[in-house]
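Examining the three-dimensional arrangement
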Amino acid sequence: MAELKIDAVVFDVLGTLVDEPAGLRTGIRALVDDPAGLRADVRAVDSSLDAIDAPDAPDAPEAAGTERLLLLWQRHIEREQRRVLDGDRPYLPSDLLDQEAAGVVAEAAGVEDPAAVEALARSARRLPPWPDTVAGLARIGGRFPLIGLSNASRTALLELNVHAGLRWHQALSAEDARAYKPDPAVYRLAVTGSGAPPERLLMVAAHAWDLRGAQALGLRTAYVARPVGDPPASSDRFDLYAEGLADLAEQLGVS
(Lines give C-alpha, C1' and ligand atoms only; values in the text may rest on other atoms or scores of the structure.)
Protein backbone atom coordinates (compact mmCIF):
# COMPACT_ATOMS: atom_id res chain seq x y z
CA MET A 1 0.00 0.00 0.00
CA ALA A 2 1.21 3.51 -0.81
CA GLU A 3 2.19 5.59 2.21
CA LEU A 4 -0.71 7.53 3.64
CA LYS A 5 -0.31 11.27 3.39
CA ILE A 6 -1.88 12.60 6.55
CA ASP A 7 -1.57 15.78 8.58
CA ALA A 8 -3.08 14.56 11.87
CA VAL A 9 -4.35 11.42 13.58
CA VAL A 10 -7.84 11.47 15.08
CA PHE A 11 -8.56 8.94 17.84
CA ASP A 12 -11.82 7.64 19.16
CA VAL A 13 -11.59 7.30 22.95
CA LEU A 14 -14.23 4.98 24.42
CA GLY A 15 -13.28 1.39 23.72
CA THR A 16 -10.36 2.38 21.51
CA LEU A 17 -8.07 3.94 24.11
CA VAL A 18 -9.85 3.08 27.36
CA ASP A 19 -11.48 -0.15 28.55
CA GLU A 20 -15.02 1.10 29.08
CA PRO A 21 -16.56 -2.20 30.27
CA ALA A 22 -13.85 -2.66 32.90
CA GLY A 23 -14.49 0.75 34.42
CA LEU A 24 -18.24 0.24 34.43
CA ARG A 25 -17.89 -3.19 36.04
CA THR A 26 -15.93 -1.59 38.86
CA GLY A 27 -18.68 0.97 39.35
CA ILE A 28 -21.44 -1.65 39.26
CA ARG A 29 -19.69 -3.86 41.81
CA ALA A 30 -19.31 -0.89 44.12
CA LEU A 31 -23.02 -0.13 43.65
CA VAL A 32 -24.14 -3.57 44.76
CA ASP A 33 -21.37 -3.75 47.39
CA ASP A 34 -20.37 -7.19 46.21
CA PRO A 35 -16.94 -7.84 44.66
CA ALA A 36 -18.26 -11.00 43.02
CA GLY A 37 -21.09 -9.00 41.48
CA LEU A 38 -23.79 -11.54 42.34
CA ARG A 39 -26.34 -9.77 44.55
CA ALA A 40 -28.51 -8.15 41.93
CA ASP A 41 -32.00 -9.58 41.53
CA VAL A 42 -31.57 -11.54 38.28
CA ARG A 43 -35.29 -11.55 37.55
CA ALA A 44 -35.49 -7.77 37.89
CA VAL A 45 -32.48 -7.30 35.60
CA ASP A 46 -33.88 -9.72 33.01
CA SER A 47 -37.16 -7.83 33.08
CA SER A 48 -35.33 -4.56 32.44
CA LEU A 49 -33.37 -6.13 29.58
CA ASP A 50 -36.59 -7.41 28.03
CA ALA A 51 -38.05 -3.91 28.26
CA ILE A 52 -35.30 -2.53 26.01
CA ASP A 53 -35.35 -5.52 23.63
CA ALA A 54 -31.82 -6.60 24.55
CA PRO A 55 -30.42 -10.09 23.96
CA ASP A 56 -30.18 -12.40 26.92
CA ALA A 57 -27.10 -12.16 29.10
CA PRO A 58 -25.14 -15.34 29.88
CA ASP A 59 -26.77 -17.71 32.36
CA ALA A 60 -23.59 -18.58 34.27
CA PRO A 61 -23.88 -17.63 37.96
CA GLU A 62 -20.91 -15.24 37.81
CA ALA A 63 -22.64 -13.37 34.99
CA ALA A 64 -25.96 -13.08 36.79
CA GLY A 65 -25.13 -9.80 38.51
CA THR A 66 -22.42 -7.57 37.11
CA GLU A 67 -22.54 -8.69 33.48
CA ARG A 68 -26.30 -8.40 33.22
CA LEU A 69 -26.23 -4.94 34.77
CA LEU A 70 -23.41 -3.93 32.44
CA LEU A 71 -25.46 -5.09 29.47
CA LEU A 72 -28.42 -3.11 30.79
CA TRP A 73 -26.24 0.04 30.95
CA GLN A 74 -24.83 -0.49 27.46
CA ARG A 75 -28.21 -1.11 25.87
CA HIS A 76 -29.67 2.01 27.47
CA ILE A 77 -26.84 4.20 26.16
CA GLU A 78 -26.97 2.66 22.68
CA ARG A 79 -30.73 3.07 22.47
CA GLU A 80 -30.81 6.66 23.68
CA GLN A 81 -27.94 7.79 21.46
CA ARG A 82 -29.74 6.20 18.53
CA ARG A 83 -32.90 8.09 19.47
CA VAL A 84 -30.92 11.35 19.40
CA LEU A 85 -29.46 10.44 16.01
CA ASP A 86 -32.91 9.58 14.68
CA GLY A 87 -34.38 12.84 15.98
CA ASP A 88 -36.67 11.08 18.44
CA ARG A 89 -35.34 13.02 21.42
CA PRO A 90 -33.38 16.27 21.83
CA TYR A 91 -29.62 16.08 22.22
CA LEU A 92 -28.47 15.31 25.74
CA PRO A 93 -24.74 15.23 26.64
CA SER A 94 -23.22 11.89 27.58
CA ASP A 95 -22.91 12.63 31.29
CA LEU A 96 -26.69 13.04 31.50
CA LEU A 97 -27.22 9.81 29.59
CA ASP A 98 -24.83 8.17 32.05
CA GLN A 99 -27.00 9.44 34.90
CA GLU A 100 -30.03 7.91 33.22
CA ALA A 101 -28.23 4.59 32.73
CA ALA A 102 -27.04 4.60 36.34
CA GLY A 103 -30.62 5.10 37.49
CA VAL A 104 -31.85 2.21 35.33
CA VAL A 105 -29.10 -0.09 36.63
CA ALA A 106 -29.63 0.95 40.25
CA GLU A 107 -33.37 0.31 40.01
CA ALA A 108 -32.75 -3.15 38.55
CA ALA A 109 -30.24 -3.87 41.33
CA GLY A 110 -32.63 -2.66 44.02
CA VAL A 111 -30.40 0.25 45.10
CA GLU A 112 -32.11 3.49 46.10
CA ASP A 113 -29.24 5.51 47.61
CA PRO A 114 -28.84 8.67 45.44
CA ALA A 115 -25.16 8.98 46.36
CA ALA A 116 -24.51 5.42 45.19
CA VAL A 117 -26.32 6.09 41.91
CA GLU A 118 -24.28 9.25 41.36
CA ALA A 119 -21.07 7.35 42.07
CA LEU A 120 -22.05 4.77 39.47
CA ALA A 121 -22.72 7.49 36.90
CA ARG A 122 -19.29 9.00 37.53
CA SER A 123 -17.61 5.61 37.06
CA ALA A 124 -18.16 6.15 33.33
CA ARG A 125 -15.46 8.84 33.57
CA ARG A 126 -12.94 6.66 35.42
CA LEU A 127 -12.01 4.15 32.75
CA PRO A 128 -8.61 2.44 32.64
CA PRO A 129 -6.46 2.83 29.52
CA TRP A 130 -5.48 -0.21 27.50
CA PRO A 131 -1.89 -1.29 28.28
CA ASP A 132 -0.51 0.22 25.06
CA THR A 133 -2.49 3.46 25.09
CA VAL A 134 -0.28 5.96 26.88
CA ALA A 135 2.98 4.86 25.26
CA GLY A 136 1.27 4.50 21.88
CA LEU A 137 -0.12 8.02 21.95
CA ALA A 138 3.26 9.42 22.98
CA ARG A 139 4.97 7.57 20.14
CA ILE A 140 2.53 8.55 17.40
CA GLY A 141 2.21 12.06 18.83
CA GLY A 142 5.94 12.54 18.38
CA ARG A 143 5.34 12.72 14.64
CA PHE A 144 1.69 13.65 14.09
CA PRO A 145 -0.69 16.04 15.84
CA LEU A 146 -3.14 14.00 17.91
CA ILE A 147 -6.84 14.82 18.10
CA GLY A 148 -9.21 13.05 20.47
CA LEU A 149 -12.76 12.85 19.11
CA SER A 150 -15.27 11.36 21.51
CA ASN A 151 -18.97 10.98 22.11
CA ALA A 152 -18.20 11.85 25.73
CA SER A 153 -19.32 15.28 26.89
CA ARG A 154 -16.78 18.06 27.50
CA THR A 155 -16.65 17.51 31.25
CA ALA A 156 -16.64 13.72 30.93
CA LEU A 157 -13.85 13.86 28.34
CA LEU A 158 -11.75 16.04 30.61
CA GLU A 159 -12.07 13.56 33.49
CA LEU A 160 -11.45 10.61 31.17
CA ASN A 161 -8.25 12.20 29.91
CA VAL A 162 -7.00 12.92 33.43
CA HIS A 163 -7.86 9.49 34.83
CA ALA A 164 -6.40 7.50 31.93
CA GLY A 165 -3.41 9.77 31.35
CA LEU A 166 -4.39 10.64 27.78
CA ARG A 167 -2.36 13.45 26.22
CA TRP A 168 -3.61 15.29 23.16
CA HIS A 169 -2.78 18.24 21.00
CA GLN A 170 -6.54 18.78 20.78
CA ALA A 171 -9.54 17.07 22.41
CA LEU A 172 -12.96 17.43 20.80
CA SER A 173 -16.31 16.43 22.25
CA ALA A 174 -19.41 15.49 20.29
CA GLU A 175 -21.19 17.89 22.62
CA ASP A 176 -19.81 20.72 20.46
CA ALA A 177 -21.81 19.32 17.53
CA ARG A 178 -24.82 18.48 19.72
CA ALA A 179 -24.85 15.05 18.11
CA TYR A 180 -23.31 11.62 18.48
CA LYS A 181 -21.07 9.69 16.16
CA PRO A 182 -21.64 8.54 13.47
CA ASP A 183 -23.40 11.83 12.71
CA PRO A 184 -21.20 13.63 10.12
CA ALA A 185 -21.31 16.80 12.24
CA VAL A 186 -19.08 15.15 14.85
CA TYR A 187 -16.34 14.19 12.38
CA ARG A 188 -16.59 17.65 10.88
CA LEU A 189 -15.34 18.99 14.23
CA ALA A 190 -11.98 17.35 13.54
CA VAL A 191 -11.85 18.74 10.02
CA THR A 192 -12.63 22.26 11.22
CA GLY A 193 -10.39 22.05 14.28
CA SER A 194 -7.39 20.77 12.35
CA GLY A 195 -7.78 23.04 9.36
CA ALA A 196 -6.93 20.03 7.18
CA PRO A 197 -9.06 18.50 4.42
CA PRO A 198 -10.79 15.24 5.41
CA GLU A 199 -8.50 13.10 3.27
CA ARG A 200 -5.49 14.34 5.24
CA LEU A 201 -6.92 13.09 8.55
CA LEU A 202 -6.64 9.50 9.79
CA MET A 203 -9.49 8.34 12.01
CA VAL A 204 -8.48 5.53 14.40
CA ALA A 205 -11.10 3.44 16.17
CA ALA A 206 -11.90 -0.04 17.45
CA HIS A 207 -15.45 0.32 16.09
CA ALA A 208 -16.18 -0.35 12.44
CA TRP A 209 -19.37 1.73 12.64
CA ASP A 210 -17.28 4.71 13.78
CA LEU A 211 -14.83 4.29 10.91
CA ARG A 212 -17.65 3.99 8.40
CA GLY A 213 -19.01 7.31 9.62
CA ALA A 214 -15.61 8.97 9.24
CA GLN A 215 -15.09 7.35 5.86
CA ALA A 216 -18.39 8.77 4.60
CA LEU A 217 -17.05 12.26 5.24
CA GLY A 218 -13.80 11.50 3.41
CA LEU A 219 -11.43 10.78 6.31
CA ARG A 220 -8.83 8.02 6.02
CA THR A 221 -9.43 5.16 8.42
CA ALA A 222 -7.50 2.75 10.66
CA TYR A 223 -9.07 -0.10 12.59
CA VAL A 224 -7.33 -1.08 15.84
CA ALA A 225 -8.31 -4.43 17.33
CA ARG A 226 -9.46 -4.41 20.96
CA PRO A 227 -11.13 -7.06 23.14
CA VAL A 228 -14.25 -4.90 22.99
CA GLY A 229 -15.55 -2.96 20.03
CA ASP A 230 -17.14 -3.57 16.64
CA PRO A 231 -14.95 -5.66 14.30
CA PRO A 232 -14.95 -4.88 10.58
CA ALA A 233 -17.29 -6.72 8.25
CA SER A 234 -15.98 -8.48 5.17
CA SER A 235 -17.33 -5.60 3.09
CA ASP A 236 -15.38 -2.93 4.98
CA ARG A 237 -12.38 -1.38 3.25
CA PHE A 238 -10.36 0.62 5.76
CA ASP A 239 -6.92 2.02 4.97
CA LEU A 240 -5.11 0.32 7.85
CA TYR A 241 -5.77 -2.64 10.12
CA ALA A 242 -3.65 -2.81 13.29
CA GLU A 243 -3.34 -5.23 16.20
CA GLY A 244 -2.60 -2.35 18.60
CA LEU A 245 -1.05 1.08 18.77
CA ALA A 246 2.50 -0.21 18.39
CA ASP A 247 1.46 -1.95 15.18
CA LEU A 248 -0.31 1.20 14.03
CA ALA A 249 2.80 3.28 14.69
CA GLU A 250 4.88 0.86 12.63
CA GLN A 251 2.45 1.07 9.74
CA LEU A 252 2.59 4.87 9.92
CA GLY A 253 6.36 4.76 9.76
CA VAL A 254 6.81 6.10 13.27
CA SER A 255 10.02 4.89 14.90
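Structure: see above.
In what follows, the accompanying structure is described.

Cut-off values and rules
Residues numbered from 1 in each chain as written. Predicted model: local features only at pLDDT ≥ 70, side-chain atom pairs only at ≥ 80, totals over all residues. Heavy atoms only, no water. Phe/Tyr/Trp six-rings, centres within 6.5 Å; stacked < 30°, edge-to-face > 60°. Helix = DSSP H or I, 4+ residues; strand = E, 2+ residues; numbered from the N terminus. Buried < 20%, exposed > 50% of the residue type's maximum accessible area, 1.4 Å probe, protein only. Polar contact = N/O pair within 3.5 Å; in protein donor to acceptor, adjacent residues only side chain to side chain. Contact = heavy atoms within 4.5 Å.

**With respect to the packing of aromatic side chains**
In the structure shown here, the tally under the stated rule is 4 aromatic pairs. Geometrically, the ring pair formed by Phe11 and Trp168 is tilted, given 6.3 Å between the ring centres and 50 degrees between the ring planes. One end of the pair, Phe11, is in strand 1 (residues 8–11); the other, Trp168, is in the loop between helix 7 (154–164) and strand 3 (170–173), and 157 residues separate them in sequence. Just as Phe11 is buried, Trp168 falls in that class too.

**Brief notes about the side chain of Arg125**
Tracing the backbone shows Arg125 in the loop between helix 5 (114–122) and helix 6 (133–141). Of the residues examined, Arg125 reaches a relative accessible area of 10% and is grouped as buried. At 2.6 Å, the side chain of Arg125 forms a polar contact with the side chain of Glu159. If near-sequence neighbours (up to four positions away) are discounted, Arg125 is found in contact with Asp95, Thr155, Ala156, Glu159, Leu160 and His163.

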